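# Notes for the structure review
Each chain, letter by letter, is given below.
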Amino acid sequence: MAIRLDGEVVNVPDTLSVAAAVLHVHGWRGYRRHLDGTPRAPLCLMGVCQECLITIDGLPNRQGCLEPVREGMVIERQGDDPHG
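The structure contained in this document is the topic of the report that follows. In this convention, every chain numbers its residues from 1, walking through the sequence in written order. Residues qualify for local features only when their pLDDT is at least 70, as the model is predicted, and side-chain atom pairs are given and counted only at 80 or more; totals for whole chains, interfaces and linings, by contrast, use all residues. Only heavy atoms go into the side-chain values, all of them from the structure, while hydrogens and water stay out.

## Focus: the overall build of the chain
What counts here: Helix and strand definitions follow DSSP, with helices as H or I runs of at least four residues and strands as E runs of at least two, each counted in order from the N terminus. Only the C-alpha atoms count toward the radius of gyration. The rule for a globule is 2.2 Å times the residue count to the power 0.38. Classification of residues uses two cut-offs on accessible area relative to the type maximum, computed with a 1.4 Å probe and protein chains only: under 20% is buried, over 50% is exposed, and between them is partly exposed. Only heavy atoms matter for contacts: two residues are in contact if any of them lie within 4.5 Å across the pair. In these tables, accessible area is a Shrake-Rupley quantity obtained with a 1.4 Å probe, and a residue counts as shielded only by the protein chains included in the view. As used throughout, the charge tally considers Lys and Arg to be positive and Asp and Glu to be negative, leaving His and the chain termini uncounted. For this purpose, a charge sits on NZ of Lys, CZ of Arg, CG of Asp or CD of Glu.
For the chain, the helix and strand inventory stands at one helix and seven strands. Listed by position from the N terminus, the elements making up the chain come as β-β-α-β-β-β-β-β. The C-alpha radius of gyration of the chain comes to 11 Å, within 12% of the 12 Å expected for a compact globule of 84 residues. Overall, the C-alpha framework of the chain stretches about 35 × 25 × 20 Å when taken along its three principal axes. Relative to its full complement of 84 residues, the chain shows a buried share of 38%. The long-range fraction of contacts in the chain, counting pairs at least 24 apart against all pairs at least 6 apart in sequence, stands at 41%. Element-wise, carbon and sulfur atoms account for 52% of the exposed surface of the chain, whose accessible area totals about 4,700 Å². When the 8 positive and 11 negative side-chain charges of the chain are each reduced to one mean point, those points stand 4 Å apart.

## A few points about the side chain of T55
How we decide: Polar contact is the term for a pair of N or O atoms within 3.5 Å; when the atoms are in protein, one must be able to donate a hydrogen and the other to accept it, and sequence-neighboring residues count only if both atoms are side-chain atoms.
Within the secondary structure layout, T55 lies in strand β5 (residues 53–56). For T55, a relative accessible area of 11% corresponds to the buried category. Among the polar contacts made by the side chain of T55, one reaches the side chain of Q78 at a distance of 2.8 Å. Excluding residues within four positions of it along the chain, T55 makes contact with P60, V74, I75, E76 and Q78.

## Observations concerning helix α1 (residues 18–26)
Our working rule: The arc in question is the one spanned by the directions pointing from the helix axis to the C-beta atoms.
Within the sequence span of α1, burial applies to V18, A19, A21 and V22. An end-on view of α1 places all buried positions within 160° of arc, on one side of the element. The elements touched by buried residues of α1 are β1 (2–5), β5 and β7 (74–76). Taken from the residues just after α1, G27 is the one with a positive phi, measuring 75°.

Structure representation (structure tokens):
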């Protein structure tokens, strides 16, 4: 399934959550960065820890672990220099 992640079209399995799709593409160090520059990634993958916060279809601070990927979904990583 094709989604747009940080402006780039990527293909991910259709069985994944948004958080799992980002981890699939970028690994845990590429999920997002904390304000102090340290890498952050989802811990629980069930909606408790809030480490999966991500922008989905223009809506910030969505819990990526609770949202299934959909064809054409637009996902943007959050945090200080999410591409670093």
